[in-house]
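# Summary of structural features
These are the residues of each chain, in order.
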Amino acid sequence: MSDIADRVKKIVVEHLGVEEEKVTESASFIDDLGADSLDTVELVMAFEEEFGIEIPDDAAETIQTFGDAVKYIKEAQ
Amino acid sequence: MRRVVITGLGLVTPLACGVEESWKRLLDGESGADRIKSFDPSRVATTYACEVPRGDGSDGTFNPDDWMEPKEQRKVDTFIMYGMAAAIQAVRDSGWMPETDEDRERTGVMIGSGIGGLNTIAETAVLIKEKGPRRVSPFFIPSALINLVSGQVSIKYGFKGPNHAVVTACSTGAHAIGDAARLIQWGDAEVMVAGGCEASISEIGIAGFNACKALSTKRADDPKTASRPYDADRDGFVMGEGAGIVVLEEYEHAKARGAKIYAEVLGYGLSGDAYHITAPAEDGDGGFRAMKAALARAGLEPSDIDYINAHGTSTMADTIELAAVERLLGDAADTATMSSTKSSIGHLLGAAGSVEAIFCVLALRDQVAPPTINLDNPAVTPRLDLAPNAKRERKIDVALSNSFGFGGTNASLVIGKVKP
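Reading guide: rules and limits
Residues numbered from 1 in each chain as written. Chains lettered and ligands numbered in written order. Predicted model: local features only at pLDDT ≥ 70, side-chain atom pairs only at ≥ 80, totals over all residues. Heavy atoms only, no water. Helix = DSSP H or I, 4+ residues; strand = E, 2+ residues; numbered from the N terminus. Rg over C-alpha atoms; globule rule 2.2 N^0.38 Å. Buried < 20%, exposed > 50% of the residue type's maximum accessible area, 1.4 Å probe, protein only. Contact = heavy atoms within 4.5 Å. Areas by Shrake-Rupley, 256 points an atom, 1.4 Å probe, with all protein chains shown as cover. Lys, Arg positive; Asp, Glu negative; His and termini not counted. Charge placed at Lys NZ, Arg CZ, Asp CG, Glu CD. 1 Å grid on protein atoms, 1.4 Å probe; cavity = no way out; pocket = protein on both sides within 12 Å on 5 of 7 lines; lining within 4 Å. Points joined across faces, edges and corners; volume = space filled by probe spheres on them. Expected span 1.5 Å × (residues − 1). Phe/Tyr/Trp six-rings, centres within 6.5 Å; stacked < 30°, edge-to-face > 60°. Lys NZ or Arg CZ within 6 Å of the ring centre and 35° of its normal. Pairing = 2+ DSSP bridges. Axes fitted to C-alpha atoms, helices over the stretch in contact; angles between N-to-C directions. Buried area = accessible area lost by both parts, 1.4 Å probe. Polar contact = N/O pair within 3.5 Å; in protein donor to acceptor, adjacent residues only side chain to side chain.

Take the overall build of chain B next. Scanning chain B for helices and strands turns up 14 helices and 14 strands. For 420 residues, the compact-globule formula gives about 22 Å, and the C-alpha radius of gyration of chain B, at 20 Å, lands near that figure. Along the first, second and third principal axes, the C-alpha set of chain B runs to 65 × 55 × 45 Å. Relative to its 420 residues, chain B shows a buried fraction of 62%. Considering only residue pairs separated by 6 or more positions, chain B has 78% of its internal contacts joining residues 24 or more positions apart. As displayed, chain B offers around 15,700 Å² of accessible surface, 52% of which is attributable to carbon and sulfur atoms. Computed over 43 positive and 55 negative side-chain charges, the separation of the two mean positions in chain B equals 3 Å.

Moving on, we get to the layout of surface pockets. Considering only enclosed or pocket space, the largest pocket measures out at about 1,000 Å³ in volume. The wall of the largest pocket is formed by 47 residues, among which Asp 77, Thr 78, Asn 119, Thr 120 and Glu 123 of chain B lie closest to the centre. Elements supplying a minimum of two residues to the lining of the largest pocket: helix H2 (37-51) of chain A together with strand S2 (33-35), helix H3 (78-94), helix H5 (118-131) and helix H6 (140-144) of chain B. For the lining of the largest pocket, the leading source of residues is H5 of chain B, giving six residues.

Glancing now at helix H11 (residues 285-298) of chain B. All names here are of chain B. When the terminal C-alpha atoms of H11 are compared, their 20 Å separation across 14 residues agrees well with the 20 Å that a helix rising 1.5 Å per residue should span. If you check which residues of H11 are buried, you get Gly 286, Gly 287, Phe 288, Ala 290, Met 291, Ala 294, Leu 295 and Ala 298. Among the structural elements, strand S8 (263-272), helix H12 (317-329), strand S13 (398-405) and strand S14 (409-416) are those in contact with the buried residues of H11. Just downstream of H11, Gly 299 is the residue with a positive phi angle, here 70 degrees.

All names here are of chain B. Scanning the model with the defined rule gives six aromatic pairs over all chains in all. A ring pair is formed by Tyr 157 and Phe 159, whose centres lie 5.2 Å apart and whose planes are at 15 degrees; its orientation type is stacked. You can call Tyr 157 buried: its relative accessible area is 16%. Using a relative accessible area of 3% as the deciding quantity, one classes Phe 159 as buried. Here the aromatic residues Phe 209, Phe 237 and Phe 406 are joined through ring pairs into a cluster of three or more. The ring of Tyr 157 has Lys 156 sitting right over it, with the charged end atom 5.7 Å from the ring centre. The lysine or arginine in question, Arg 327, covers the ring of Phe 288, its NZ or CZ lying 3.8 Å from the ring centre.

Before going further, it helps to spend a moment on the sheet that holds strand S4 (residues 107-112) of chain B. Residue and element names in this part refer to chain B. The strand order S5-S4-S6-S7-S1-S8-S14-S13-S9-S10 describes an open sheet built from 10 strands, whose pairing is mixed. Of all strands in the sheet, those with a lone pairing partner are strand S5 (163-164) and strand S10 (337-339), marking the two edges. Here strand S1 (residues 4-12) runs beside strand S7 (residues 242-250); their pairing, made up of eight bridges, is antiparallel. Each bridged residue has a counterpart across the sheet, and for Gly 10 the counterpart in S7 is Ile 245. Running at roughly 135 degrees to S1, H3 makes contact with S1, S4, strand S6 (191-198) and S7 of the sheet. Along the sheet, H12 makes contact with strand S9 (307-309), S10 and S13, crossing S13 at roughly 140 degrees.

Residues and elements named next belong to chain B. Burial of S7 is extensive: nine of the nine residues sit out of reach of the surface. Here S7 shows two buried faces, one formed by Gly 242, Gly 244, Val 246, Leu 248 and Glu 250 and the other by Ala 243, Ile 245, Val 247 and Glu 249. Pairing of S6 with S7, which is carried by eight bridges, proceeds in the antiparallel orientation. Each bridged residue has a counterpart across the sheet, and for Glu 198 the counterpart in S7 is Gly 242.

What follows deals with the interface of chain A and chain B. Across the contact, 13 residues belong to chain A and 10 residues belong to chain B. The junction of chain A with chain B conceals about 1,100 Å² of combined surface from both sides, 43% of it contributed by carbon and sulfur atoms. In terms of surface lost to chain B, no three residues of chain A exceed Leu 38, Glu 42 and Met 45 of chain A, which account for 43% of the buried area on that side. On inspection of chain A and its partner chain B, the count reaches seven residue pairs in polar contact (both at pLDDT 80 or more).

Structure below.
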């Protein structure tokens, strides 16, 4: 697994209080990992902070799964 | 009128997290004051306060993990955490766990705070200045709003009745209990979880009260002696923090389910000073009228009062309240006991009234008045017994609790033993 994926997973585990095994490629933050809409806003902010990028609101809305997040951040960097 | 009784208690105080441990230490005359640990106080005039003891949860320490999931803790200011901890204790103590929709809809929450998420607001303001508004957490607002304690408690337990919050500075806790009792009397609910919580021991909180010249500043070398109500050498209040929450219940409802009934809310009185934003009226008229109204509601005479838990903050206002109480009681002042438990726990602001109402409940239960510690040299000669430096074992059938707040807002509660 790439370094980016590891760092994203660490943030998700910390913020949502879920076990690492549950954070799979297709795991949806809301449907599978127990996040609500405020949690997802906070997650995106944490990604921005960690990777020094800016994720616009319309792009943030497309980040629904762990895989989406890793893909977006790789392309943004 | 429907009767309202108290069936559950919860406390987070500077003496301990937990009702019995706080009460034991209070009766033993302990002080919760010490040098401030939660931030570096070297820039503010007052370097000491009564902070809730933190730890692993043993020996009366407060461990946030015992009360909220770690991921939930990040979403709330400390005042909400204290409120949740005390509310959970009170609900457990009451044994009330509604199982039907109807029972859930007849159970409400009214928990207030004097200032709410002050430190969260301060930290977020600094964050905006340093990093810009995009870095503001989506949990900032729900973490700081005062009514979110009531919201969080209702969500945790599914209590779908009236959901309300009180904000009347240092009268908050007493107003919350009194107003919630009235909702039960009027039939809006059968059960109410009520009280106040506060967590304002932060640089901005201390600096703000220092600017009002309200806090003690002269006892950095011996903080445990700084809160000294009625004493000639008092020089301001010592800030406390924590929460006091009760479960209030309609009397027949409590009896029908075989609940443990601690006491009855017999009377509640409110008044305004219409005088000054931070100082009480010099003749104590506002407090006097609140007490008188509470007694009238209770249908009692001044001579029926055995114990008074005073507002007594360790400021110049102590003697104003003392004079008002003695005026109310007349000759009965010679036989009643009044103490200020703020001498031990400091001033818990929005939580003070409800914490002190709980101390009244325990005083009724155990027939003992807690002491006013550090009262070595009274500023005036009182008619009332102020229980200086030692608890007073005595008959207590009726207790009165006073709370007075900035803005000239006064509340008095009369709490008594339940008569069948």
